[in-house]
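For reference, the chains in residue letters:
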Amino acid sequence: MNIILLGAPGAGKGSQATKLKEYYAIPHISTGDAFRSNIARGTEIGVYAKSFIDKGQLVPDDLTVKIVEERLSHDDCKNGFLLDGFPRSIPQAEALEKIAKIDYVINFVIDTEKVVKRLGGRRTCACGETYHVSTHPSNICDKCGKELYIRQDDNEETIRNRMAVYEKTTAPLVGFYKERGLVVDVDANGTIEETFQKIIELVK
Ligand code: AP5
Ligand code: MG
C-alpha cells in the first residue's frame, strides 16, 4: 500500500507514521527527517536545506523530488511506503505521479490552535521519535535513551511561516488528490490512539 500523509505542521503526521509503519509493515519516509539527518551530519544537502528550513520555507522542489525518487527505488519500498511531508506542492505531486502510483492520501483535518499547542511543546529525538512535554516531561527518549531536543523550526515566528506556507502551497494538494479520488479525510483533533484507529478503519 502506497500512502501519503498530508496535513499542516503539527497535525500529527510523524506520530501516526510511527504506528502505521509497524501496522502495515512498510517504511516511513519523511522528507523533514531526511533533511534533519543531513543537517546533523553537516552534508552539502544539509547546509543548503537548513537555509530554507530555519525560515519555515520549503526546500526547492528539484532537490526534494530527487531525494524521494532515490529513496523509493530501494527494495524495501516494493511492498508499499508511507510518505510523510511529501509532496508539499503541486509540482512535487506531479513529479511523484511519474515515479509511483499512490493508493491513499490521508488528509489530517485539525484546528489551528491545536497544532500551535502541539508544536509549542514538541520534543524530538535524533532517532525520529517525537514527544510532547505535557505527556512526556522527561528529556530522554524512551526508545533509544538519547537526549531530546527542541527543533530549531519550532519557534513562534517559524511556526507562523510554516503554517502560511502550508495554506498557500500545500493545502491545494487536497483538491489535486480529491480530483483523483484518493483522499481520505481524517479528524486529527483526538488523541494519537484515536486518530490511529480512525486511519486503520478507513485505509484497508
Ligand atoms: P517536517 O519535518 O515535515 O515538518 P512539518 O510538516 O512542519 O510537520 P511536523 O513534523 O512539524 O508535524 P507532524 O505533523 O509530523 O506532527 P508530530 O507528529 O511531530 O518538515 C520540516 C521542514 O522541512 C519544512 O518546513 C520544510 O522546510 C522542509 N521540508 C520537508 N518536506 C519538504 C518537502 N516535501 N518539500 C520542501 N521542503 C520540505 O506532532 C507534533 C507534536 O504534537 C508532537 O509533540 C506530538 O507528540 C504531539 N501530537 C501528535 N499527535 C497528537 C495527538 N493526537 N494528540 C496530542 N498530541 C499529539
Ligand atoms: Mg513530522
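How each quantity is defined
Every chain begins its residue count from 1, and numbering advances along the sequence as written. Throughout, the order in which chains and ligands are written sets their labels, letters from A for the former and numbers from 1 for the latter. Note on the predicted model: pLDDT of at least 70 is required for a residue's local features to be given, and 80 or more for side-chain atom pairs to be given and counted; whole-chain, interface and lining totals, by contrast, use all residues. As a rule here, side-chain values come from all non-hydrogen atoms in the structure, and water together with hydrogens is ignored. Geometry is summarised by axes, namely lines fitted to C-alpha atoms with helices restricted to the contacting stretch, and by angles between N-to-C directions that run from 0 to 180 degrees. Comment: elements are numbered from the N terminus, with helices defined as DSSP H or I runs of at least four residues and strands as E runs of at least two. Whether two residues touch is decided by their heavy atoms; if any such pair falls within 4.5 Å, the residues are in contact. Gly falls in the polar group here, along with every residue not listed as nonpolar (Ala, Val, Leu, Ile, Met, Phe, Trp, Tyr, Cys, Pro) or charged (Asp, Glu, Lys, Arg). Only Phe, Tyr and Trp rings are paired, with Trp represented by its six-membered ring, and only when their centres lie within 6.5 Å; those with planes under 30 degrees apart are stacked, over 60 edge-to-face, the remainder tilted. For every residue, the accessible area obtained with a 1.4 Å probe (protein chains only) is divided by the maximum for its type, and the residue is called buried under 20%, exposed over 50%, and partly exposed between those limits. For a ring to carry a charge above it, either NZ of a lysine or CZ of an arginine must fall within 6 Å of the ring centroid while also lying within 35 degrees of the normal to the ring plane. Any two strands between which DSSP finds at least two bridges are classified as paired. A 3.5 Å cut-off defines polar contacts: any pair of N or O atoms within that distance qualifies, except that in protein one atom must be a possible hydrogen donor and the other a possible acceptor, and neighbouring residues in sequence count only when both atoms are side-chain atoms. Any angle between 65 and 115 degrees counts as roughly perpendicular, while under 35 counts as roughly parallel, over 145 as roughly antiparallel, and the rest as oblique. Crossings are sorted by hand: turned counterclockwise from the far helix by less than a right angle, the near helix makes the crossing left-handed, and turned clockwise it makes it right-handed. Only heavy atoms are used to decide nearness, and a residue is near a molecule or strand if one of them lies within 4 Å of it. Surface accessibility follows the Shrake-Rupley procedure with a 1.4 Å probe radius. Residue values consider only the protein chains on display as shielding.

### Regarding the packing of helix 7 (residues 156–170) against helix 8 (residues 172–179)
Where helix 7 contacts helix 8, the axes come no closer than 6 Å and their chain directions differ by 35°. Packed against helix 7, whose contacting residues are Glu-167, Lys-168, Thr-169 and Thr-170, the element helix 8 presents Pro-172, Leu-173 and Val-174 at the interface. Taken together, the residues that form the contact of helix 7 with helix 8 break down as three nonpolar, two polar and two charged.

### As for the packing of aromatic side chains
Taken as a whole and assessed by the stated rule, the structure comprises four aromatic pairs. For the pair Tyr-23 and Phe-196, a centre-to-centre distance of 5.7 Å together with 85° between the ring planes defines the contact as edge-to-face. Note that Tyr-23 is positioned in helix 1 (residues 13–24) and Phe-196 in helix 9 (residues 192–202), a separation of 173 residues in sequence. Ring geometry for Phe-176 against Tyr-177: centres 4.9 Å apart, planes inclined by 85°, an arrangement best described as edge-to-face. For Tyr-177, a relative accessible area of 2% gives the class buried. Members of the aromatic cluster, joined through ring pairs, are Tyr-23, Tyr-24 and Phe-196. A cation over a ring is seen here: Lys-19 above Phe-196, with NZ or CZ 4.8 Å from the ring centre. The cationic tip of Arg-180 hangs over the ring face of Phe-176; the distance from NZ or CZ to the ring centre is 3.7 Å.

### A closer look at the pairing of strand 4 (residues 104–109)
Where burial is concerned, most of strand 4 is hidden: five out of the six residues are buried. For strand 1 (residues 2–6) and strand 4, the ladder comprises four bridges, and the chain directions are parallel. Each residue of the ladder has a partner; that of Ile-4, found in strand 4, is Val-105.

### Looking at the side chain of Asp-153
By secondary structure assignment, the location of Asp-153 is in the loop between strand 6 (130–132) and helix 7. A distance of 3.0 Å separates a polar atom in the side chain of Asp-153 from a polar atom in the side chain of Arg-151. Residues within four places of Asp-153 in sequence aside, it is in contact with Ile-53, Thr-158, Ile-159 and Arg-162.

### Describing the environment of Gly-120
For Gly-120, the location among the structural elements is in helix 6 (residues 112–120). Distance in space between the C-alpha atoms of Gly-120 and Ala-25 is 31 Å, their sequence separation being 95 residues.

### A look at the packing of helix 4 (residues 61–72) against helix 5 (residues 90–97)
The packing of two helices is summarised by the inter-axis angle and the distance between the axes. Viewed as axis vectors pointing N to C, helix 4 and helix 5 meet at an angle of 30°, and their least axial separation amounts to 10 Å. By the angle class used here, helix 4 and helix 5 are roughly parallel. Between helix 4 and helix 5 the crossing geometry is right-handed. For the pair formed by helix 4 and helix 5, the contact residues are Asp-61, Thr-64, Val-65 and Leu-72 on the first element and Pro-91, Gln-92, Ala-95 and Leu-96 on the second. Tallied by class, residues from the contact of helix 4 with helix 5 come to five nonpolar, two polar and one charged.

### What about the site of ligand 1?
Around ligand 1 sit 33 residues, and of these Ser-15, Gln-57, Arg-88, Arg-122 and Arg-162 come closest. Measuring from an oxygen atom of ligand 1, one finds a backbone N or O atom of Gly-14 at 2.9 Å. Ile-192 has a polar backbone atom sitting 3.1 Å from a nitrogen atom of ligand 1. Protein burial of ligand 1: of its 1000 Å² of free accessible surface, 93% is covered by the chains. When contributions to the shell around ligand 1 are tallied by element, the ones reaching two or more residues are helix 1, helix 2 (31–41), helix 6 and strand 6. Broken down by element, the shell around ligand 1 gets its largest block of residues, four residues, from helix 2. In the shell around ligand 1, the residues fall into 11 nonpolar, 14 polar and eight charged.

### Considering the sheet that holds strand 1
Ordered by their spatial adjacency, five strands build an open sheet running 2-3-1-4-7, and the pairing between neighbours is parallel. Of all strands in the sheet, those with a lone pairing partner are strand 2 (28–30) and strand 7 (183–187), marking the two edges. Averaged over neighbouring strand pairs, the angle between their axes works out to 25° when direction is ignored. Sheet analysis places strand 4 next to strand 7, joined by five bridges and oriented parallel. By the bridge assignment, Asn-107 is partnered in strand 7 with Asp-185.

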